[in-house]
Amino acid sequence: MSTTLACRQHYDAIIVGGGPVASVASLHLARAGMAVALIEEYGNPYPYPRAVMFDAYSCAILAEILGGDFDRISLKRTPGAGYYLDQDKLDEPFAQTALEVGDTRNWFVQPQVEDILRDVISRADNIDTFYGWSARKLYTEGESQLTMEQLATGAMRELSSTYLLGCDGANSFVRKQAGGSLSQLGDNVSFLVVDAISAPEHRRGDNGCAYQIVDQERPTTYLPMGVENYVRWEFRINPGDDILEIQSPERIRELIAPFSDPDHTELLRHTVYKFNSLIANRWRFGNVFLCGDAAHQTSPFLGQGLNMGIRNTRNLCQKIELVAAGAAPSSLLDRYQAECFEDTKGTIKEALKMGKLLFNTSPPANALRATISRLRRGKPIDITAQIAPTARALDLADDVPPRLRKLLPRVRVEPDGGPVTFLTLLHPERAKIIADGPLAAAAFDGLDSLPEGVRPDLYAAVDAPHTQTTGTALVIGDKRQRTALFGGRTYVAMLENSVLLGRFADDDERAVCDAYRAAFQLTAA
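A brief look at the structure comes next. (Residues numbered from 1 in each chain as written. Predicted model: local features only at pLDDT ≥ 70, side-chain atom pairs only at ≥ 80, totals over all residues. Heavy atoms only, no water.)

## Focus on the overall build of the protein
- Secondary structure assignment for the protein yields 12 helices and 30 strands.
- Computed over its C-alpha atoms, the radius of gyration of the protein comes to 24 Å, within 12% of the 24 Å expected for a compact globule of 525 residues.
- Considering only C-alpha atoms, the protein reaches an extent of 70 × 65 × 40 Å along its principal axes.
- Taken across its 525 residues, the protein has 55% of its residues classed as buried.
- Taking the contacts inside the protein whose residues are at least 6 apart along the sequence as the reference set, 68% of them involve residues at least 24 apart.
- Total accessible area on the protein stands at roughly 22400 Å², and carbon and sulfur atoms take up 49% of it.
- In the protein, the 55 positive side-chain charges and the 66 negative ones have mean positions that sit 5 Å from each other. (Helix = DSSP H or I, 4+ residues; strand = E, 2+ residues; numbered from the N terminus. Rg over C-alpha atoms; globule rule 2.2 N^0.38 Å. Buried < 20%, exposed > 50% of the residue type's maximum accessible area, 1.4 Å probe, protein only. Contact = heavy atoms within 4.5 Å. Areas by Shrake-Rupley, 256 points an atom, 1.4 Å probe, with all protein chains shown as cover. Lys, Arg positive; Asp, Glu negative; His and termini not counted. Charge placed at Lys NZ, Arg CZ, Asp CG, Glu CD.)

## Focus on the packing of aromatic side chains
- Summed over all chains, the structure comprises 15 aromatic pairs.
- When the centroid spacing of 5.7 Å and the interplanar angle of 10° are considered together, the rings of Tyr222 and Trp233 count as stacked. Of the two residues, Tyr222 is situated in strand β15 (residues 220-224) and Trp233 in strand β16 (residues 230-236); the sequence distance between them amounts to 11 residues.
- Overall, the relative accessible area of 0% leaves Tyr222 in the buried class.
- Ring centres of Tyr222 and Phe259 lie 4.8 Å apart, and the angle between their planes is 40°; on these two criteria the pair is classed as tilted. Here Phe259 lies in the loop between α6 (249-256) and β17 (266-275) and Tyr222 lies in strand β15, a separation of 37 residues in the sequence. For the pair Tyr222 and Phe259, one class covers both residues: buried. (Phe/Tyr/Trp six-rings, centres within 6.5 Å; stacked < 30°, edge-to-face > 60°.)

## Section: the nonpolar core
- Counting residues in each nonpolar core, the largest one holds 97 residues, and the members touching the most others are Ile14, Ile15, Leu66, Leu165, Ile320, Phe444 and Tyr516.
- For this core, the leading source of residues is helix α7 (residues 305-324), giving 8 residues.
- The residues contacting Leu165, other than those within four sequence positions of it, are Ile14, Ile15, Val16, Ala25, Phe289, Cys291, Thr313, Leu316, Cys317 and Ile320.
- Formed by 23 residues, the second largest nonpolar core is a distinct cluster that contains Met53, Phe301, Met354 and Leu358. (Core = buried A, V, L, I, M, F, W, Y, C linked by side-chain atoms within 4.5 Å.)

## A word on the sheet that holds strand β7 (residues 106-107)
- Ordered in space as β3-β7-β4, the 3 strands form an open sheet in which the pairing is antiparallel. Edge positions in the sheet fall to β3 (53-54) and β4 (76-77), since each has one partner strand and no second.
- Sheet topology places β3 next to β7; 2 bridges connect them, and they run antiparallel. If you follow Met53 over to β7, its bridge partner there is Trp107. (Pairing = 2+ DSSP bridges.)

## What about helix α2 (residues 56-66)?
- When you tally the buried positions in α2, you get 9 out of 11 residues, the bulk of the element.
- Taken residue by residue, α2 has Ala56, Tyr57, Ser58, Cys59, Ala60, Ile61, Leu62, Ile65 and Leu66 as its buried positions.
- Backbone geometry just downstream of α2 places Gly67 in the positive-phi region, at approximately 60°.

## Structural notes on the pairing of β16
- Buried residues dominate β16, accounting for 7 of its 7 residues.
- A two-sided burial pattern is seen for β16, the buried positions comprising Tyr230, Arg232, Glu234 and Arg236 on one face and Val231, Trp233 and Phe235 on the other.
- Two elements, strand β13 (residues 189-197) and β16, share 7 bridges in a ladder whose sense is antiparallel. Residue pairing across strands places Ile197 opposite Tyr230, the latter belonging to β16.
- The hairpin formed by β15 and β16 contains 5 residues between the paired strands, and Gly226 there has a positive phi angle of roughly 80°.

## Here we look at unusual backbone geometry
- Phi at Glu228 takes a positive value of approximately 50°, unusual for a residue other than glycine.
- Along the chain, the position of Glu228 falls in the loop between β15 and β16.
- In this model, Asn229 sits at a positive phi of 65°, which is unusual for a non-glycine residue.
- Position of Asn229 among the secondary structure elements: in the loop between β15 and β16.

## Topic: the packing of helix α1 (residues 20-31) against α2
- Packing of α1 against α2 brings their axes to within 10 Å, and their N-to-C directions diverge by 50°. As judged from the angle between their axes, α1 and α2 are oblique. Judged by the twist between their axes, the crossing of α1 over α2 is left-handed. Residues Val24, Leu27, His28 and Arg31 of α1 lie in contact with α2, whose contacting residues are Ile61, Leu62, Glu64, Ile65 and Leu66.
- Looking at the contact of α1 with α2, its residues break down into 6 nonpolar, 1 polar and 2 charged. (Axes fitted to C-alpha atoms, helices over the stretch in contact; angles between N-to-C directions. Parallel < 35°, antiparallel > 145°, perpendicular 65-115°, else oblique. Left-handed = near helix turned anticlockwise from the far one by under 90°. Nonpolar A, V, L, I, M, F, W, Y, C, P; charged D, E, K, R; others polar.)

## Structural notes on the sheet that holds strand β12 (residues 182-184)
- Pairing is antiparallel across the open sheet formed by 3 strands, whose spatial order is β12-β18-β21. Lying at the two open borders of the sheet, with one neighbouring strand each, are β12 and β21 (296-297).
- In the sheet, strand β18 (residues 278-280) pairs with β21 via 2 bridges, with the strands oriented antiparallel. What sits directly across from Leu278, in β21, is Gln297.
- Sheet strands touched by helix α8 (residues 335-359): β18 and β21. Its angle to β18, the strand with the most contacts, is close to 165°.

Laid out in structure tokens, this is it:
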């Protein structure tokens, strides 16, 4: 796609970076009617996969942003992951996770996704794209003033904007220019990452599964993703490894041979990659914001790096949309970090713990695993609950960034006209009100004045589908789960991404409406 050489000098929002996080942000803000400049130094998307998995929330956001173009993305649902003590026994997991009903974690190929995002952006009337331009200087007092250079010609240009989003990766120019700093949450680990194409008949393993191999010599992640025959390996770099030797064609053939026939494997790329566990201490500098890897970086063991970037940036863009429209004060933008920081920090730490669990190859750890495996007689340990999404609570009364807690049970639900799923996976991109029983038609008319993007969907927990109620009937078959969900109250209110807003009594409909307005600092009706 050619660069847009628009005459505009001032924009509602400048987005520095052109990856998936930046693209989703630009499309969200443009859909809200804002004029957006998207600046990316590379003229074309990076041609090889980097991130490889979308979770349910990212899929929901992309489906909403892309509309019918979402169906162009090649996705392969993953049934789960296995953890193995020996690369020669990939049918005998030591532990395993299985995605539960309704989950939609999918493998994808990032270059294809980026091509689709760029295509959709090219059709947006109010996004000016500056591909092949690099940001050079940023002034952040008041309106943002950005100086950029066209790499092909050396031409310089200045733009200004009301808001500026730094979606420009781990080495973020925006973070450095704004004076931001990072805190390290754990040790960095280096891996040799190999991406390839290999047909199923030439490799081992089920399409879509993830294999984590706790090899005493070299812990390995093996991902036969099943999307256009893409395969990924991540081999740990051990102390004493010769970095040049381990990247040689001969050594790579040797490493992948237990998994895929090297003579029938097309190597796409290999690189030594350092997995960081970092989080920025500040995400907002006036109206300049850090997003994605510019704000947080994680090891890959939960597959949450890109997913965190998408969901956190969506949180910010919703708030910018409300503030720009005059529906909420600028102070709402402080809640971006307040609402996302603790959850993000916790996810990074969980990924670190998972990595330590998987790749601790000390003799005592190996002996313990072997003993457990022998005692269980080949029956794998189920660790699904440790990675399953949970509902979290947000204390809106406290200006201090809240600690997000696991409060709600994992409730299995069956919406009328939809498949069985879990409450946390039911339209995770939408806010919700769930009533314990049928909903009166006019119970929440007070929410009609809320902006559509934050207006909650209505659900009524009933005993059977097709019950007469306003909103969508929601069957909760397990009485204990239903009791635990409502906790003796009539209404449960949730924000998107399974953030619990509160539980409310039967006569507190006005309090529910007020809680949603408070969540977005909206003016009361």
